[in-house]
Amino acid sequence: MSEAAELDVTPSPEPVIPVRDEDEHLNPDFIAAVEAAIGGDDRVALKELAGDLHEADTGDLLETLNADERAAFIRLLGDEFDYTALTETDEAVRLQVLEDLPNEVIAEGLEDLDSDDAVYILEDLDEDDQAAILEELPYADRAQLKKALDYPEESAGRRMQSEFIAVAPFWTVGQTIDYMREARDLPDSFYEIYVLDPAFKLLGSVHLDKILRTKRAEKVTSIMEETRQAVLATEDQEEVARRFERYNLVSSAVVDENERLVGVLTVDDIVDVIQEEAEEDLRALAGVGDEEISDTVVTIARSRLAWLVVNLGTAILASVVIALFEDTIEAMVALAVLMPIVASMGGNAGTQTMTVAVRGIATQELGARNLLRVLNREILVSAVNGVALALLIGITAWLWFASPGLGVVIAGSIIINMLFAGFSGLLIPIALDRLNVDPAIASSVFVTTVTDVVGFFAFLGIAALWFGLPF
């Protein structure tokens, strides 16, 4: 070994800890290292670990840490903490973080964000907290955010980015390129240049690829496309997301009631909207309300209790139907054993049809034009499945209780309940939608009630008639 090699005592670099594991979850070793840095108040180590994380990874990390660790994490990172990460966290975590931070610190962090991200962070705060934070911002930023917050919740105006590039119709391509090179207040990313008249009304847009492929002397109006998919600022975000999906949009201009350009919506915002709306519908179908994984026990219990009480009322209604056949059940105990099968099969079938119907209504694929066709299809599907299940359950009941008559009774009641399940699973969501009631929220209660009541009544009623039992 050479003398130079013997004297080389340079320590090898510390191995980099992967942020995520093979399953794309946060790496437990990475979380432990971050917690150790926070516990040791080691600013340098923490910045090396988390200083340049993507905001999505930082958001997931904040959700993993406890409340005290979150506050220390943000304090130790200082100017290197990206407040965009708060748009990637649950609402409960975001509100807790904002509550622990001074208003001037929050305002300083919001100054560096795009307007849509700043609005997203502010909109869930109380009006007093919003006002206090806005007062700490420069006038121009404050006016911009106040205007966005004045739009209705879940509207395009709340989601739009107020920063955009607009040019006059008499500008040339060369002027536009020079402006984009020299201006300092441009958005971080953009896809289109918008052309406005002197009254700031939207005339059209030019894609960046056309700008780059056109000679400098050409007027922008010569390569401009009339904007056909401009979005009203007051339009519901779900309708806007549907338009992005239908026309494969990457971005869209947002205009006010006077057709003046006020902002831009981009596809990354719409992806968030689609995810939020899908989660909202899924939670509504289960009756769990607008709850997050990080919510407290009290918040979750209060959110779920209302629908549990409603379900209790429907369960009592089903029990009343059973009570009408009390003598029938006493005369033949096997009926009590088989009753849950009839109700369960109808409930599951109704839920299947209801889920398809709610989704069809949400995507506007189900309406008056194809209602009869879809209804006929669902009834045929229910009939086919009903006959198949009736044969299976009827034979099982026959062999189980050595009673072919009991097999016939449960088979007939299964077919009847399956038909009602298909019928109600489709029509109840449509009826609720016509009454301006969200079918995702209320459909399951009514469909379950129908299948329980019809199932019990059909099964016990047919049994009483078939076997001559008392009502």
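In this numbering scheme, every chain counts its residues from 1 along its sequence in written order. Only residues with pLDDT of at least 70 get local features here, since the model is predicted, and only at 80 or more are side-chain atom pairs given and counted; chain-wide, interface and lining totals rely on the full set of residues. Excluding hydrogens and water, the side-chain values take into account all heavy atoms of the structure.

An unreviewed UniProt entry lists the protein under the name Magnesium transporter MgtE, with Effrenium voratum as the source organism. Quoted verbatim from the Sequence similarities (unreviewed entry) field of the UniProt record, the comment on the protein reads "Belongs to the SLC41A transporter family." Under the UniProt heading Subunit (unreviewed entry), the entry covering the protein gives this text: "Homodimer." UniProt positions are given in the numbering used here, feature names are shortened, and annotations may be inferred rather than shown by experiment.

## Some thoughts on the overall build of the protein
The helix and strand tally for the protein stands at 21 helices and six strands. We compute the radius of gyration from the C-alpha atoms alone; for a globule the expected value is 2.2 Å times N to the 0.38, where N is the number of residues. Taken against the 2.2 N^0.38 rule, which gives 23 Å for 471 residues, the C-alpha radius of gyration of the protein at 31 Å runs more than 25% over that of a compact globule. In terms of overall dimensions, the protein has C-alpha extents of about 95 × 70 × 55 Å along its principal axes. Considering the protein as a whole, with its 471 residues, one finds that 44% of them fall into the buried category. Two residues qualify as a contact provided that any one of their heavy atoms is within 4.5 Å of a heavy atom in the partner residue. Considering only intrachain contacts with a sequence separation of at least 6, the fraction spanning at least 24 residues in the protein is 65%. Secondary structure counts use DSSP, requiring at least four H or I residues in a row for a helix and at least two E residues in a row for a strand, with both numbered from the N terminus. Per-residue accessibility, obtained with a 1.4 Å probe over protein chains only, is compared with the maximum for each type, and a residue is labelled buried under 20%, exposed over 50%, and partly exposed between these values.

## Description of the side chain of glutamate 163
Position of glutamate 163 relative to the elements: it lies in the loop between helix H11 (156-159) and strand S1 (166-167). His is not counted, nor are the chain ends, whereas Lys and Arg count as positive and Asp and Glu as negative. Whenever a carboxyl oxygen of Asp or Glu lies within 4 Å of a side-chain nitrogen of Lys or Arg, that contact is scored as a salt bridge. An unpaired buried charge is present at glutamate 163: no salt bridge exists, and lysine 147, the closest side chain of opposite charge, is 13 Å distant. Not counting residues up to four positions away in its chain, the partners in contact with glutamate 163 are Asp114, Ser115, Gln144 and Pro187.

## Some words on the UniProt feature "domain: CBS" (unreviewed entry) in the protein
If you check UniProt for "domain: CBS" (unreviewed entry), the listed places come out as residues 224-280 in our numbering. The span residues 224-280 shows a helical share of 44% and a strand share of 23%, and its end C-alpha atoms are spaced 39 Å apart.

## Thoughts on the sheet that holds strand S4 (residues 231-232)
On the basis of which strands lie adjacent, the open sheet formed by three strands has the order S4-S5-S6 and mixed pairing. Taken across any chain shown, the strands that pair with only one partner, and hence form the sheet edges, are S4 and strand S6 (261-266). Relative to S6, helix H14 (residues 237-247) is tilted by about 60°, and along the sheet it contacts S4, strand S5 (251-255) and S6. Any two strands with at least two DSSP-identified bridges between them are counted as paired. Axis definition: a line fitted to C-alpha atoms, limited for helices to the stretch in contact. Angles are taken between N-to-C directions and run from 0 to 180 degrees.

## A closer look at the domain arrangement of the protein
An automatic or database domain assignment supplies the residue ranges for each domain. Considered domain by domain, the protein is made up of domain 1 (15-154), domain 2 (166-286) and domain 3 (297-467). The C-alpha-based centres of domain 1 and domain 3 are spaced at 47 Å.

## What to know about the sheet that holds S1
The sheet built from three strands is open, its strands ordered S1-S2-S3 with mixed pairing. Bordering the open sheet on either side are S1 and strand S3 (202-207), each of which pairs with just one other strand. Across five bridges, strand S2 (residues 192-196) lies against S3 in antiparallel orientation. In the sheet register, isoleucine 193 faces S3, and the bridge partner there is valine 206.

## Comments concerning the environment of alanine 278
Of note, alanine 278 is situated in helix H15 (residues 267-286). When the C-alpha atoms of alanine 278 and arginine 359 are compared, they prove to be 9.5 Å apart, with 81 residues separating the residues in sequence.

## Examining the confidence of the model for the protein
The pLDDT averaged across the protein works out to 88; a share of 95% of its residues lies at or above 70. Predicted confidence is poor over residues 1-13, with pLDDT under 50, and the contacts of this stretch with residues over four places away or in other chains come to one contact. pLDDT expresses how confident the predictor is about each individual residue, on a scale running from 0 to 100.

## A word on unusual backbone geometry
At glutamate 154, a residue that is not glycine, the phi angle is positive and equals roughly 60°. Although it is not a glycine, alanine 402 sits at a positive phi angle of roughly 50°. Positionally, alanine 402 belongs in the loop between helix H19 (371-401) and helix H20 (404-434).

## Digging into a negative patch on the surface
On the surface, Asp68, Glu99, Asp100, Asp126, Glu127, Asp128 and Asp129 cluster together into a negatively charged patch. Elements represented by at least two residues in the negative patch include exactly helix H6 (91-100) and helix H9 (127-135). Looking at the element boundaries, glutamate 99 is found in helix H6. Like-charged residues within 9 Å of one another, or nonpolar side chains (Val, Leu, Ile, Met, Phe, Trp, Tyr) within 5 Å, are grouped into patches, provided each residue has over 30% relative accessible area and no salt bridge. All accessible-area figures derive from a Shrake-Rupley calculation using a 1.4 Å probe, and residue coverage is judged against the displayed protein chains alone. A charged residue contributes its charge at one atom only: NZ of Lys, CZ of Arg, CG of Asp or CD of Glu.

## A look at the packing of aromatic side chains
Stacked, tilted and edge-to-face pairs are distinguished by plane angle, under 30 degrees for stacked and over 60 for edge-to-face with tilted covering the rest, among Phe, Tyr and Trp rings (Trp via its six-membered ring) whose centres lie within 6.5 Å. Taken as a whole and assessed by the stated rule, the structure comprises five aromatic pairs. Relative to tyrosine 179, the ring of tryptophan 171 has its centre 5.7 Å away and its plane inclined at 75°; by these criteria the two rings are edge-to-face. Judged by its relative accessible area of 21%, tryptophan 171 falls in the partly exposed class. The interplanar angle of 25° and the centroid separation of 4.8 Å between the aromatic rings of tryptophan 400 and phenylalanine 401 together place this pair among those described as stacked. An aromatic cluster is built from Phe73, Phe81 and Tyr83, whose rings are joined through pairwise contacts.

## Description of the UniProt feature "transmembrane region" (unreviewed entry) in the protein
As annotated by UniProt and renumbered to match this structure, "transmembrane region" (unreviewed entry) occupies residues 305-325, 331-349, 379-401, 407-432 and 444-469. Secondary structure over residues 379-401 splits into 100% helix and 0% strand, and the C-alpha atoms at its two ends are 31 Å apart. End C-alpha atoms of residues 407-432 are separated by 37 Å, and the span's content is 100% helix alongside 0% strand.

## Some details on helix H21 (residues 439-467)
A helix is expected to span 1.5 Å multiplied by its residue count minus one. Here H21 is 29 residues long and its end C-alpha atoms lie 41 Å apart, about the 42 Å a rise of 1.5 Å per residue gives. Taken from the residues just after H21, glycine 468 is the one with a positive phi, measuring 65°.

## Section: the packing of helix H18 (residues 334-362) against H20
H20 packs onto H18 with a crossing angle of 30° between their chain directions and a minimal axis gap of 8 Å. The angle between H18 and H20 falls in the class roughly parallel. The element H18 and its partner H20 pack so that their crossing is right-handed. Angle categories are assigned with fixed cut-offs, so that under 35 degrees is roughly parallel, over 145 is roughly antiparallel, 65 to 115 is roughly perpendicular, and the rest are oblique. Each helix crossing is assigned a hand: it is left-handed if the near helix lies turned anticlockwise from the far helix by less than a right angle, otherwise right-handed if that turn is clockwise.

## Quick notes on helix H16 (residues 297-324)
Counting along an α-helix, one turn takes 3.6 residues, and residues three or four places apart therefore face a common direction. An ideal rise of 1.5 Å per residue puts 40 Å on 28 residues; H16 measures up with 40 Å between its terminal C-alpha atoms. In the structure, H16 departs most strongly from a straight axis at leucine 305, where the bend amounts to approximately 30°. On its buried side, H16 packs onto H21. Across the chain, bend at a residue is computed as the angle between axes fitted to the seven residues ending at that point and the seven starting from it.

## A look at the pairing of S2
Buried residues dominate S2, accounting for five of its five residues. Burial along S2 is two-sided: Glu192, Tyr194 and Leu196 and Ile193 and Val195, pointing in opposite directions, are all buried.

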